[in-house]
Amino acid sequence: MDIPSDAQAFPAPAKLNLDLRITGRRDDGYHNLESIFCFVGLYDTVCLKPRDDKKIILHNPTEGIPYEQDLAYRAALSLQQHTGSCRGVEIWLEKKIPTGGGLGGGSSDAATVLTVLNQWWQCRLTRQQLIDLAVGLGADVPFFLFGQSAFARGIGEQLVKIEIPKQWYVIVKPSVHVSTAKIFSHGNLTRNSKPSIMPTFQSLQPFRNDMQAVVFQEYPEVWKAYCELSEYGSALMTGSGACIFLSTDSWQEANNIYQQVSQSYEAYCVEGLDVHPLFQMI
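Residues numbered from 1 in each chain as written. Predicted model: local features only at pLDDT ≥ 70, side-chain atom pairs only at ≥ 80, totals over all residues. Heavy atoms only, no water.

As recorded by an unreviewed UniProt entry, the protein chain carries the name 4-diphosphocytidyl-2-C-methyl-D-erythritol kinase and is attributed to Neisseria macacae ATCC 33926. Checking UniProt for the protein chain, the heading Sequence similarities (unreviewed entry) contains the comment "Belongs to the GHMP kinase family. IspE subfamily." (UniProt positions renumbered as here; feature names shortened; annotations may be inferred.)

Here it is, written out as structure tokens:
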């Protein structure tokens, strides 16, 4: 992929749901959730080049997805339409975050586009205004705009900072793509978890994921990966899957586990991050 030298590169990190509970179904068909989000050191790179016309050009859309449906393109278009900006942008995506894994790669790309273009185009939207705009793009995008470890409510747009101890994570990606829509519409999905009163990292232990049981039922590959990673500790699925992760207190421990599971799976050994790295750049 040829990216011009005058394009600027920006990070788009992956996320994990350390805990995910479904507290009810809404009248609009969506579900109310509670979740602990954290960033991890696995990144897509979003390369951007400003244009003086209104054209938005995505040079390398994800295979099988029309460019106008790609979240990075939709993010730029939504900001342009919302603010009436006459500026444009060219976009290149260097993908390292696996798709369909519950790691939020597309949502992260979109948030990075919104954050950078809000500055480049001098839109002057506040972070909350960007979050409000991003709800229409996807439930994970607001977290990436929030920019720090968070406890989320609603459909993911009600965010407050949460303290998370320093962790390193081993992530495995089974070779299957989980349909989020299929899981949310499943008849056996848990939808009645009790809302938290004063959520903290400690008070929500033991962590769980209310989607996990249904995913295991429908996708035996994910169940198999969970069982194998669980040999090393308390494994959990992130988001609607398919990725399974395990948290550790040291890089050495995480790396030792990674060396074992990476022989059988696409796997990652990554550091937990408190703050989105883009916020240290802009």
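1. Some remarks on the overall build of the protein chain
A count of helices and strands for the protein chain gives eight helices and ten strands. Overall, the protein chain is about 55 × 45 × 35 Å in size when its C-alpha atoms are taken along their principal axes. Per-residue burial for the protein chain yields a buried fraction of 53% across its 282 residues. The contacts of the protein chain with a sequence gap of at least 6 include a subset with a gap of at least 24, amounting to 75%. Entry remark: accessible area of the protein chain is about 12,900 Å², with carbon and sulfur atoms responsible for 48%. Each charge class in the protein chain can be summarised by its mean position, and for the 23 positive and 29 negative side chains these summaries are 5 Å apart. (Helix = DSSP H or I, 4+ residues; strand = E, 2+ residues; numbered from the N terminus. Buried < 20%, exposed > 50% of the residue type's maximum accessible area, 1.4 Å probe, protein only. Contact = heavy atoms within 4.5 Å. Areas by Shrake-Rupley, 256 points an atom, 1.4 Å probe, with all protein chains shown as cover. Lys, Arg positive; Asp, Glu negative; His and termini not counted. Charge placed at Lys NZ, Arg CZ, Asp CG, Glu CD.)

2. Details of the UniProt feature "domain: GHMP kinase N-terminal" (unreviewed entry) in the protein chain
Using the residue numbers shown here, the UniProt feature "domain: GHMP kinase N-terminal" (unreviewed entry) corresponds to residues 71–148. Overall, residues 71–148 shows 55% helix and 9% strand. The separation of its end C-alpha atoms is 21 Å.

3. Details of the state of the cysteines
Within this structure, the stated rule accounts for zero disulfides. Not engaged in a disulfide, the cysteine C227 finds its nearest cysteine sulfur in C243; these two sulfurs lie 16 Å apart. (Disulfide = S-S within 2.5 Å.)

4. A short note on the side chain of S193
The residue S193 is located in the loop between helix 5 (180–184) and helix 6 (212–218) in this model. Among the residues examined, S193 registers a relative accessible area of 6% and is labelled buried. A polar atom in the side chain of S193 sits 2.5 Å from the side chain of D210. (Polar contact = N/O pair within 3.5 Å; in protein donor to acceptor, adjacent residues only side chain to side chain.)

5. Observations regarding the environment of P206
As for its position among the elements, P206 is in the loop between helix 5 and helix 6. Contacts of P206, omitting those with residues within four sequence positions, involve D19 and R21.

6. A short note on helix 2 (residues 105–120)
With 16 residues, helix 2 should cover 22 Å at 1.5 Å per step; its first-to-last C-alpha distance of 22 Å lies within 8% of that length. Counted residue by residue, helix 2 has 14 buried out of 16 residues, so it is predominantly covered. Of the residues one or two after helix 2, Q122 is the one with positive phi, at around 55°. (Expected span 1.5 Å × (residues − 1).)

7. Structural notes on the packing of aromatic side chains
Under the counting rule described, the total for this entry stands at eleven aromatic pairs. Seen from their ring centres, F37 and F143 are 4.7 Å apart, and the 15° between their planes marks the pair as stacked. Pair noted here: F37 is in strand 2 (residues 31–51) and F143 is in helix 4 (residues 141–146), with a separation of 106 residues, a long-range link. Relative accessible area serves as the criterion here: at 0%, F143 is assigned to the buried category. (Phe/Tyr/Trp six-rings, centres within 6.5 Å; stacked < 30°, edge-to-face > 60°.)

8. Quick word on the packing of helix 1 (residues 71–83) against helix 2
For the pair helix 1 and helix 2, interaxial distance at closest approach is 8 Å and the crossing angle is 30°. In terms of orientation, helix 1 and helix 2 fall into the roughly parallel class. For the pair helix 1 and helix 2, the crossing hand works out as right-handed. Of the residues in helix 2, those in contact with L71, A72, A75, A76, S78 and L79 of helix 1 are G106, S107, D109, A110, V113, L114, L117 and N118. Of the residues assigned to the contact of helix 1 with helix 2, the class counts are nine nonpolar, four polar and one charged. (Axes fitted to C-alpha atoms, helices over the stretch in contact; angles between N-to-C directions. Parallel < 35°, antiparallel > 145°, perpendicular 65-115°, else oblique. Left-handed = near helix turned anticlockwise from the far one by under 90°. Nonpolar A, V, L, I, M, F, W, Y, C, P; charged D, E, K, R; others polar.)

9. Describing the pattern of salt bridges
Side-chain pairing between opposite charges can occur once the charged atoms of the two side chains come close. Counted by the stated rule, this structure contains 13 salt bridges. Two residues, K49 and D6, come together in a salt bridge whose shortest N-O distance is 3.4 Å. Separated by 43 residues along the polypeptide, K49 in strand 2 and D6 in the segment before strand 1 (8–25) bring together distant segments of the chain. Here K182 makes a salt bridge to E218, at a shortest N to O gap of 3.4 Å. Here the residue K182 occupies a position in helix 5, and E218 occupies one in helix 6, the gap between them amounting to 36 residues. For K182, a relative accessible area of 35% corresponds to the partly exposed category. Note on E218: relative accessible area 28%, which makes it partly exposed. Each member of the salt-bridge network shares a partner with another, and the members are D44, K95 and D109. (Salt bridge = Lys/Arg side-chain N within 4 Å of Asp/Glu carboxyl O.)

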